[in-house]
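Architecture and fold: a report
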Amino acid sequence: RVESDGNANMLFVDGENNRVGIGTASTSKTLTVSGDAIITTGDNSANLTLVSTDTDASSGPVLDMWRNSANPADGDAIGEINYYGENDAGEQTKFANIISTMIDVSDGTEDGALYIQNMVAGTMRERISMLATETIVNNGSRDLDFRVESDSNANALFIQGSDGNIGIGSGT
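Residues numbered from 1 in each chain as written. Predicted model: local features only at pLDDT ≥ 70, side-chain atom pairs only at ≥ 80, totals over all residues. Heavy atoms only, no water.

As for the sheet that holds strand E2 (residues 19–22)
Applied cut-off: Any two strands are treated as partners once DSSP identifies two or more bridges connecting them. What counts as a helix is a DSSP run of H or I of at least four residues, what counts as a strand is a run of E of at least two, and both are numbered from the N terminus. Lines are fitted to the C-alpha atoms to define the axes, a helix being fitted only along its stretch in contact, and any angle between axes, read from their N-to-C directions, falls within 0 to 180 degrees.
Ordered in space as E1-E2-E3, the three strands form an open sheet in which the pairing is mixed. What marks the edges here is a single partner per strand, and that holds for strand E1 (11–14) and strand E3 (31–33). When strand polarity is set aside, the average angle formed by the axes of neighbouring strands in this sheet is 15°. In this structure, E1 lies alongside E2, joined through four bridges in antiparallel fashion. Each bridged residue has a counterpart across the sheet, and for Phe12 the counterpart in E2 is Gly21.

Some remarks on the pairing of strand E5 (residues 92–104)
Pairing geometry for strand E4 (residues 77–86) and E5, over nine bridges, is antiparallel. The partner of Glu86 across the bridge, within E5, is Gln92. Here E4 hands over to E5 after five residues, with Gly90 in that stretch at a positive phi of 75°. The pairing of E5 with strand E6 (residues 111–120) spans eight bridges and is classified as antiparallel.

Describing a nonpolar patch on the surface
To be explicit about the condition: Here the term patch refers to residues with relative accessible area over 30% and no salt bridge, with like charges joined within 9 Å and nonpolar side chains (Val, Leu, Ile, Met, Phe, Trp, Tyr) within 5 Å. Accessible surface area values rest on a Shrake-Rupley calculation with a 1.4 Å probe, where residue burial reflects the displayed protein chains alone. For this document, the term salt bridge refers to a Lys or Arg side-chain nitrogen within 4 Å of an Asp or Glu carboxyl oxygen. Burial classification: accessible surface area is computed with a 1.4 Å probe over protein chains only, and a residue below 20% of its type maximum counts as buried, one above 50% as exposed, and the rest as partly exposed.
Residues Val2, Met10, Leu11, Val13, Ile22, Leu31 and Val33 make up a contiguous nonpolar surface patch of about 570 Å² in total accessible area. Elements with a minimum of two residues in the nonpolar patch: E1 and E3. Along the polypeptide, Met10 turns up in the segment before E1. Met10 sits in the partly exposed class, given a relative accessible area of 37%.

Topic: the sheet that holds strand E10 (residues 157–159)
Strand order across the open sheet formed by three strands is E9-E10-E11, with antiparallel pairing between neighbours. Edge positions in the open sheet fall to strand E9 (146–148) and strand E11 (166–168), since each of these has one partner strand only. In this sheet, adjacent strand axes meet at a mean angle of 10° when their direction is disregarded.

Quick notes on the environment of Pro61
In plain terms, the rule: Two residues qualify as a contact provided that any one of their heavy atoms is within 4.5 Å of a heavy atom in the partner residue.
On the secondary structure map, Pro61 appears in the loop between E3 and E4. Relative accessible area serves as the criterion here: at 43%, Pro61 is assigned to the partly exposed category. For the pair Pro61 and Thr49, spaced twelve residues apart in the sequence, the C-alpha separation amounts to 9.6 Å. In this view, Pro61 contacts Leu50, Val51 and Ser52; residues no more than four positions away in its chain are not counted.

Structure below.
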């Protein structure tokens, strides 16, 4: 065990169970971290890679995001993935994100929502909303075109954002 000024278990090795804790002695997995972490790389290689060597037909690898709240409430945000880059002024800028919320936390009737947003002309805009009873594209009523391609037509279905006109097989 390695102690810091504020944590008696800053680095904890459970030799009996082959586990390591950072910031905790409660190790339930091979590595347990209590607190936040930053993983940095100096090139374009992956910062985090999840590998499953399982050979069955089930999913793998699996990434779980769990908001373990003692008091869950309708409307609570439960996870967010943000995509940052720098603008031409060198400022860190969020260019897109994916947000999940708990619409209804009632046992047996739970509902969730997923929102996809991106930066449009300097403002975050909701582009796709997946709710319990509907999926909405362009919920903010922005002047944005909507287009579905087929293998032979770039405008198999086209909705003109400025006037709401619908084209089938045509971009106008």
